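# A look at the structure
One letter stands for each residue in the lines below.
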Amino acid sequence: PHEVDLATSPIVGCFAVTDEERQNAVELFVARKLPHDRYGVATFLLDTWCLGLMDAFFEVDGAEDFEDWRDTIPEDQAIEPERARKLLDEVSAFGAANGFPPPPEFAAVIRLLSDVTPAEESVPVGDNGRPHFLVSEYDSAETVEEIVETLTQALGPGGFDVTYPLEDDAAE
């Protein structure tokens, strides 16, 4: 079997899907058409306000699975590959400056965009440029403590904002 150069396979979609409740949470997808009716899809989980690139992974799907997945993404979430590359570069650098370097798997997955020149226009990072950690109800106390400690070491006390989730109103 011969290897496929992912960086020269045609890009068939780039999508930046923002979480409706947390505007800082973005799932970035890059899909390329592969031989034999298969598709390679890279997924990047981003926190544009603080943590940067939190996860990156890659999978290969058959045409039917790819089309089923593709049908779940609204057309208005599509972005140009150059904007996707710029988003990854800037959010990763912002997270690293805040003390959160990209995960090790990023180096392998970013190769999917190695042939794409980043867009010129900068991408907004931070909450008006300032690091802002939005604590999720799913974050453990230990995780929150570690993140705040890392931010304090990287940026100094007061160099960032932290917002905790509102208490659950369901008890009323």
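The structure under discussion appears in the preceding block.
What comes next is a walk through the structure.

Moving on: the side chain of Arg70. With respect to the secondary-structure elements, Arg70 resides in helix H1 (residues 63-70). Reaching out from Arg70, the side chain makes a polar contact with the side chain of Glu75 at a distance of 2.2 Å. Those residues in contact with Arg70 that sit more than four places away from it in its chain are Phe15 and Glu75.

On to a negative patch on the surface. On the surface, a cluster of negative charge is made up of Glu59, Glu64, Asp65, Glu67, Asp68 and Asp71. Residue contributions to the negative patch peak at 4 residues, all from H1.

A negative phi holds for most residues other than glycine; trans holds for most peptide bonds. In this structure, His36 takes a positive phi of about 65° despite not being glycine. Turning to its location among the elements, His36 is positioned in the loop between strand E2 (25-34) and strand E3 (38-47). According to the relative accessible area criterion, His36 is exposed, its value standing at 69%. A positive phi angle, near 60°, is found at Asp37, a position not held by glycine. Structurally, the position occupied by Asp37 is in the loop between E2 and E3.

Once that is clear, we can look at helix H2 (residues 81-97). Over its 17 residues, H2 extends 24 Å from the first C-alpha to the last, a length consistent with the 24 Å expected when each residue adds 1.5 Å. Those residues of H2 not exposed but buried are Ala84, Arg85, Lys86, Leu87, Leu88, Glu90, Val91, Ser92, Phe94 and Gly95. Check the buried side of H2 and you find it contacts strand E1 (11-18), E2, E3, strand E4 (52-62) and helix H3 (106-109).

Parameters at a glance
- Throughout, residues of each chain are indexed from 1 in the direction in which the sequence is written.
- Confidence filtering applies because this is a predicted model: local features only for residues at pLDDT of at least 70, side-chain atom pairs given and counted only at 80 or more, and all residues used for totals across whole chains, interfaces and linings.
- Working from all heavy atoms in the structure, the side-chain values ignore hydrogens and water.
- By definition, any uninterrupted DSSP run of H or I lasting at least four residues is a helix, any uninterrupted run of E lasting at least two residues is a strand, and each is numbered from the N terminus.
- Any pair of N or O atoms that falls within 3.5 Å is considered a polar contact. Within protein, one atom must be able to donate a hydrogen and the other to accept it, and sequence-neighbouring residues count only if both atoms are side-chain atoms.
- We call two residues in contact whenever any of their non-hydrogen atoms come within 4.5 Å of each other.
- What goes into a patch is any residue over 30% in relative accessible area without a salt bridge, connected to like charges within 9 Å or, for nonpolar side chains (Val, Leu, Ile, Met, Phe, Trp, Tyr), within 5 Å.
- Methods summary: accessible areas were calculated by the Shrake-Rupley approach with a probe of 1.4 Å, and residue burial reflects only the protein chains presented.
- By definition here, a salt bridge exists when the distance from a side-chain nitrogen of Lys or Arg to a carboxyl oxygen of Asp or Glu is within 4 Å.
- This count recognises Lys and Arg as positive and Asp and Glu as negative, with His and chain-terminal groups excluded.
- Charged side chains are reduced to one point each, which is NZ for Lys, CZ for Arg, CG for Asp and CD for Glu.
- A 1.4 Å probe rolled over the protein chains alone gives each residue an accessible area, and that area as a share of the maximum for its type sets the label: buried under 20%, exposed over 50%, partly exposed in between.
- The span one expects for a helix is its residue count, reduced by one, times 1.5 Å.

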